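# Observations on chain architecture
Single-letter residue listing:
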Amino acid sequence: MKNIVLFGPPGAGKGTQADILKEKYQLVHISTGDVFRFNIKNQTDLGTLAKSYMDKGHLVPDEVTINMLNAEVEKNPDANGFIFDGFPRTEAQATALATLMDEKNSQINAMVALEVDDEVLVGRLLERGKSSGRADDANEGVIRERIAEYYRKTDILKDFYQKQDKYYGVNGVGSIEEITVRLSQVFDTL
Ligand code: ADP
């Protein structure tokens, strides 16, 4: 079983690459952002709660997010492995993920991080906001807050995985195809 955390700041290209790599490596792709957006669209209690944080560019509380992630993993008992996109985003989430994998007699094999400069991120997210319909992409203030939240709470996870010799940084600037090639070079070694 191959379990990979696809990592990077908002706008780094995780979702785009995960869609390609899940087919190539036959892995289940779980995007916490997508699950939250699905819940918002369907007006569930989880969606209402998540929206109140997402609209401000803040993270949804750990307990809520961890429970949701556990449920998504349990929906796929026969998975060959997972690509986690947007999770973990805090140390508590990373610890919870390690426990969950342990319970399955499995583990996270790698964190593969897309590295992109902040100003490139802001430009990409504003561009995406023109067509994505995502409220959090439409406003530059919210975009900058998401990036700030990333540096406050999420970026340190590089250390968490580096200490376990599981961190792989990949240049996230280039064409979609070029970046898939770079990521595949890492996936193939796992
Ligand atoms: P992006 O990485 O482009 O900002 P996502 O779709 O991954 O977008 O996430 C959108 C929003 O959903 C985040 O800004 C946050 O509010 C919420 N979210 C997603 N994943 C998590 C998580 N693991 N923990 C807390 N909040 C999350």
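Residues numbered from 1 in each chain as written. Predicted model: local features only at pLDDT ≥ 70, side-chain atom pairs only at ≥ 80, totals over all residues. Heavy atoms only, no water.

We now examine the packing of helix H6 (residues 118-132) against helix H7 (residues 140-154). Axis angle and axis distance: for two packed helices, these are the angle between their axes and the distance between the axes, and together they describe the pair. For the pair H6 and H7, interaxial distance at closest approach is 10 Å and the crossing angle is 135°. Between H6 and H7, the angle is such that the two are oblique. Our pair here, H6 against H7, has a crossing hand that is right-handed. Between H6 and H7, the contacting residues are Asp-118, Glu-119, Leu-121, Val-122, Leu-125, Leu-126 and Arg-128 on the first element and Glu-140, Ile-143, Arg-144, Arg-146, Ile-147 and Tyr-151 on the second. A per-class count over the contact of H6 with H7 returns seven nonpolar, no polar and six charged. (Axes fitted to C-alpha atoms, helices over the stretch in contact; angles between N-to-C directions. Helix = DSSP H or I, 4+ residues; strand = E, 2+ residues; numbered from the N terminus. Parallel < 35°, antiparallel > 145°, perpendicular 65-115°, else oblique. Left-handed = near helix turned anticlockwise from the far one by under 90°. Contact = heavy atoms within 4.5 Å. Nonpolar A, V, L, I, M, F, W, Y, C, P; charged D, E, K, R; others polar.)

Tracing the backbone shows Lys-166 in the loop between helix H8 (157-162) and strand E5 (167-171). Polar side-chain contacts of Lys-166 include one of 3.3 Å to the side chain of Gln-164. Once residues lying within four places of it in the same chain are set aside, the contact partners of Lys-166 are Gln-107, Ile-108, Asn-109, Ala-110, Met-111 and Tyr-161. (Polar contact = N/O pair within 3.5 Å; in protein donor to acceptor, adjacent residues only side chain to side chain.)

This part takes up the site of the ligand. Lining the immediate surroundings of the ligand are 20 residues, of which Thr-32, Arg-37, His-58, Gly-86 and Arg-89 lie closest. In the model, a nitrogen atom of the ligand is placed 3.0 Å from a nitrogen or oxygen of the Val-60 main chain. Judged by the proximity of its atoms to the pocket grid, the ligand belongs to the largest pocket. When residues in the shell around the ligand are grouped by element, the largest group, four residues, is from helix H2 (residues 32-41). For the shell around the ligand, the class distribution of residues is six nonpolar, seven polar and seven charged. (Near = heavy atom within 4 Å. 1 Å grid on protein atoms, 1.4 Å probe; cavity = no way out; pocket = protein on both sides within 12 Å on 5 of 7 lines; lining within 4 Å. Sits in = over half its atoms within 2 Å of the grid points.)

Its location among the elements puts Ser-31 in strand E2 (residues 28-31). Polar contacts involving the side chain of Ser-31 include one to the main-chain amide nitrogen of Asp-34, which spans 3.0 Å.

Strand order in the open sheet made by the five strands is E2-E3-E1-E4-E5, with parallel pairing throughout. On the outer flanks of this sheet lie E2 and E5, each paired with one strand and no other. With strand direction ignored, the average angle separating the axes of adjacent strands in the sheet is 20°. Bridge count for strand E4 (residues 110-115) against E5 is five bridges, and the pairing is parallel. (Pairing = 2+ DSSP bridges.)

Below, the discussion takes up the packing of aromatic side chains. The tally for this structure, following the rule as stated, stands at five aromatic pairs. Seen from their ring centres, Phe-82 and Phe-84 are 5.5 Å apart, and the 20° between their planes marks the pair as stacked. Like Phe-82, the residue Phe-84 is buried in the burial classification. When the ring of Phe-160 is compared with that of Tyr-161, the centres are 5.0 Å apart and the planes differ by 65°; the resulting orientation is edge-to-face. For Phe-160, a relative accessible area of 18% translates into the label buried. For Tyr-161, a relative accessible area of 2% gives the class buried. Taken together through their ring pairs, the aromatic side chains of Phe-7, Tyr-150 and Tyr-151 make up a single cluster. (Phe/Tyr/Trp six-rings, centres within 6.5 Å; stacked < 30°, edge-to-face > 60°. Buried < 20%, exposed > 50% of the residue type's maximum accessible area, 1.4 Å probe, protein only.)

In this section: the layout of surface pockets. The method is simple in principle: a probe with the dimensions of a water molecule rolls over the atoms, and the space it marks as empty is what remains. Here the largest pocket is characterised by a volume of approximately 930 Å³. Along its surface, the largest pocket is lined by 41 residues, and Lys-14, Arg-37, Arg-89, Arg-128 and Arg-134 are the ones closest to its centre. Among the secondary structure elements, those contributing two or more residues to the lining of the largest pocket are helix H1 (14-25), E2, H2, H6, H7 and helix H9 (176-187). Residues belonging to the lining of the largest pocket are distributed by class as follows: 10 nonpolar, 19 polar and 12 charged. Roughly 220 Å³ of volume is contained in the second largest pocket. Considering the residues around the second largest pocket, the lining is formed by Arg-37, Phe-38, Ile-40, Lys-41, Lys-51, Met-54, Asp-55, Gly-133, Arg-134, Ala-135 and Asp-136. Residue classes in the lining of the second largest pocket are distributed as four nonpolar, one polar and six charged. (Points joined across faces, edges and corners; volume = space filled by probe spheres on them.)

Any functional reading would require information that these geometric values do not contain.
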